[in-house]
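Descriptive structure summary
For reference, the chains in residue letters:
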Protein chains: 2
Amino acid sequence: MALAHKRLNANCIAWRFSDKQKIAFSGQGAVPVLVDHGQSIHDSWRIAKHLEENYPSQSLFGNASASLVQFVNAWADRALVPAIAQIVILDVFNGLHEQDKAYFRASREKMLGASLEAVVEDKPTKITKLKRVLAPLRQALGEQAYLGGNAANYADYCVFGMFMWARCVSPSELLEKEDPIYTWRERLLDAFDGMARAAFTVSENQRLKVTYP
Amino acid sequence: MALAHKRLNANCIAWRFSDKQKIAFSGQGAVPVLVDHGQSIHDSWRIAKHLEENYPSQSLFGNASASLVQFVNAWADRALVPAIAQIVILDVFNGLHEQDKAYFRASREKMLGASLEAVVEDKPTKITKLKRVLAPLRQALGEQAYLGGNAANYADYCVFGMFMWARCVSPSELLEKEDPIYTWRERLLDAFDGMARAAFTVSENQRLKVTYP
């Protein structure tokens, strides 16, 4: 979404969790990794800042301070992801290539302190918990269309990305249609000629494929 | 802090929890209530928006969208306050005037689903939980001095207000000195000639008194 917002083209390279060798050049083992004119940048927040500094037109942060957008980004990482994971983590596992399953189960069960099956138990309660975690977003979207105000920017994309993750890996519906967050998500699925909506999902038994406008 | 930021003077009127009659003119029963040229505005977020719309100089939202600041405000209300309450709620009760105690205990215990004494049990665990809730703020303040960027604005004040609440009602220290949030809080305590730092606290056995610059 950040690249599309900046009207930048990028080649997307498919990657598997356990395929650490392929991104070893970045000096660490997690995605996303962006390679821009030979420079490698990892971590989505650092990539967003890199894009904003190097491609200043079509601002990603609107006129907000970087720290304010970073707050939303960190909230998405620290509060939203764990709440969504409690609903979809077993679906992630089930959609993985066989070569990734052992690595994923071991690393995630260690991180979560429970088996993947135990984590997703009692889904209705987990969805209620997620709804509570989302309260600040719901309130903010009650008065304006986007966190960015009248137009979406990185404050929206960093949160939307977590919903895209859930959408691509799991058939679980996280939001009720009456929720302002549902409407906001629909608008972002439609953005850039429906780029996000066109992304293939595991539940369609298709490989994730992202095209840039 | 919002009034001081706008360089506006206001008369502060002392109020007690159970003294609903005194603010009945506002059409509801909670503080803060601001009366501005005969118009009454309640709820801190609505007051901030009123100030921003009616006194545009010294912008409270910087150049950020209102929804982005509202997100932080809602996070402070929905995530931060409950985490702080689990540490200080019994101190609030102990500092109350006798006429407020029964009302406060009954309404808060109903809200929290437990006795005030049970809520604050095992304080070290509650402080660890608070530290986790504060992770997004900590990350955002790691790179810039304020959520507003180089200068504080309402995104900072709405969070700082919750720390001021804790400071005024409880002797519990919520933050470690090494925490970037501690340093940020110190800077805000020093703002406007130390206005917030000068506020009297219950633990000094003094009544809360706020003076405006």
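The numbering scheme is per chain: residues are counted from 1 as the chain's sequence reads. Following the order in which they are written, the chains are lettered starting with A and the ligands numbered starting with 1. Under the rules for a predicted model, residues below a pLDDT of 70 receive no local features and side-chain atom pairs below 80 are neither given nor counted, while totals for whole chains, interfaces and linings still include all residues. Working from all heavy atoms in the structure, the side-chain values ignore hydrogens and water.

1. Focus: the interface of chain B and chain A
We call two residues in contact when some of their heavy atoms are within 4.5 Å. Of the residues lining the interface, 27 residues belong to chain B; the matching set on chain A comes to 27 residues. Buried area counts how much accessible surface, traced with a 1.4 Å probe, disappears from two parts once they are put together, with both parts' losses summed. For the pair chain B and chain A, the summed buried area comes to about 2400 Å², and 61% of that belongs to carbon and sulfur atoms. Interface area lost by chain B to chain A is led by L68, F71 and Q139 of chain B, which between them contribute 27%. Any carboxyl oxygen of Asp or Glu within 4 Å of a side-chain nitrogen of Lys or Arg constitutes a salt bridge here. Where chain B packs against chain A, one counts two salt bridges. Of the charged contacts, one joins K49 of chain A and E143 of chain B as a salt bridge, the two residues approaching to 2.5 Å between their closest N and O atoms. Any pair of N or O atoms that falls within 3.5 Å is considered a polar contact. Within protein, one atom must be able to donate a hydrogen and the other to accept it, and sequence-neighbouring residues count only if both atoms are side-chain atoms. Our count for the contact surface shared by chain B and chain A stands at 16 residue pairs in polar contact (both at pLDDT 80 or more).

2. Here we look at the domain arrangement of chain A
All names here are of chain A. One can read the domain layout of chain A as domain 1 (2–54) and domain 2 (66–209). Computed over C-alpha atoms, the centres of domain 1 and domain 2 are 20 Å apart. Contact residues are listed per partner, giving 11 residues for domain 1 and 19 residues for domain 2. Carbon and sulfur atoms supply 65% of the area buried between domain 1 and domain 2, which totals about 1300 Å² over both sides. Taken as a group, R16, F17 and W45 account for 49% of the area that domain 1 buries against domain 2, more than any other trio of residues on that side. Our count for the domain 1 to domain 2 interface comes out at five residue pairs in polar contact (both at pLDDT 80 or more). An automatic or database domain assignment is the source of the domain bounds shown.

3. Concerning the relation of the copies chain B and chain A
For the pair chain B and chain A, the superposition axis carries a translation of 0.0 Å, the fit reaches an RMSD of 0.0 Å, and the rotation angle comes to 180°. Both copies are brought into coincidence by an operation consistent with a two-fold rotation axis. Scanning chain B for the C-alpha nearest the rotation axis identifies A64 of chain B, at a separation of 2.0 Å. By residue overlap, the copies meet face to face through one surface: 100% of the interface positions of chain B are interface positions in chain A. A residue counts toward the fit only if its pLDDT is at least 70 in both copies, and the copies are then superposed by least squares on the C-alpha atoms of those residues.

4. Details of the environment of Q58 of chain B
Residues and elements named next belong to chain B. Helix and strand assignments follow DSSP, with helices taken as H or I runs no shorter than four residues and strands as E runs no shorter than two, numbered in order from the N terminus. By the secondary structure assignment, Q58 is in the loop between α2 (44–54) and α3 (66–95). Sequence-wise, Q58 and R7 are 51 residues apart; in three dimensions their C-alpha atoms are separated by 8.2 Å. Setting aside residues up to four positions removed in sequence, Q58 forms contacts with H5, K6 and R7.

5. Here we look at the nonpolar core
Looking at soluble globular proteins, one finds that nonpolar side chains tend to be buried together. Each nonpolar core is a collection of buried residues, namely Ala, Val, Leu, Ile, Met, Phe, Trp, Tyr and Cys, held together in the definition by side-chain atoms within 4.5 Å. Relative accessibility decides the category of a residue: with a 1.4 Å probe and only protein chains considered, values under 20% of the type maximum give buried, values over 50% give exposed, and everything between is partly exposed. If you look at the biggest cluster of nonpolar residues, it comprises 130 residues, and the most contacted ones within it are L137 and V159 of chain A together with L137 and V159 of chain B. At 16 residues, α3 of chain B tops the list of elements feeding residues into this core. Aside from chain neighbours lying at most four places away, what touches V159 of chain A is V72, W75, A76, L80, L137, L147 and W184 of chain A.

6. Details of the pairing of strand β2 (residues 39–42) of chain A
Residues and elements named next belong to chain A. Each pair of strands is called paired provided DSSP finds at least two bridges between the two strands. In the sheet, strand β1 (residues 33–36) pairs with β2 via four bridges, with the strands oriented antiparallel. In the sheet register, D36 faces β2, and the bridge partner there is Q39. Between β1 and β2, which pair antiparallel and follow one another directly, the connecting turn spans two residues, one of which, H37, has a positive phi of 50°.

7. As for helix α9 (residues 180–194) of chain B
Residue and element names in this part refer to chain B. Three or more residues of α9 are buried, namely I181, Y182, W184, R185, L188, L189 and G194. Of the surrounding elements, those touching the buried residues of α9 are α7 (135–140) and α8 (154–169). The residue sitting at the N-terminus of α9 and contributing the capping side-chain oxygen is D179; that oxygen lies 2.9 Å from the backbone nitrogen of I181.

8. Quick word on the packing of α3 of chain B against helix α4 (residues 98–112) of chain B
Residues and elements named next belong to chain B. Axis definition: a line fit to C-alpha positions, over the contact stretch in the case of helices; interaxial angles, taken between N-to-C directions, run 0 to 180 degrees. Closest axis-to-axis distance for the α3/α4 pair is 9 Å, and the angle between their directions is 160°. What the angle tells us is that α3 and α4 run roughly antiparallel. Note that α3 runs across α4; the crossing there is right-handed. On the side of α3, the interface is formed by I89, V92, F93 and N94, while α4 contributes K101, F104, R105, R108 and L112. Each angle is binned into one of four classes, with values under 35 degrees roughly parallel, values over 145 roughly antiparallel, values of 65 to 115 roughly perpendicular, and all other values oblique. By convention, the crossing between two helices is left-handed when the near helix turns anticlockwise from the far helix through less than a right angle, and right-handed when the turn is clockwise.

9. Looking at α4 of chain B
Residues and elements named next belong to chain B. Counted at 1.5 Å a residue, the expected span for α4 with its 15 residues is 21 Å, and the 21 Å between its end C-alpha atoms agrees. At F104, α4 is bent by approximately 25°, the largest bend along its length. When α4 is considered as a whole, its buried residues turn out to be D100, K101, F104 and R108. Looking at the buried positions of α4, the neighbouring elements they touch are α3 and α5 (116–119). In the stretch just after α4, G113 is the one whose phi turns positive, near 70°. For a helix, the expected span equals 1.5 Å multiplied by the number of residues minus one. Bend, at a single residue, is the angle you get between axes fitted to the 7 residues ending at that residue and the 7 residues starting at it.

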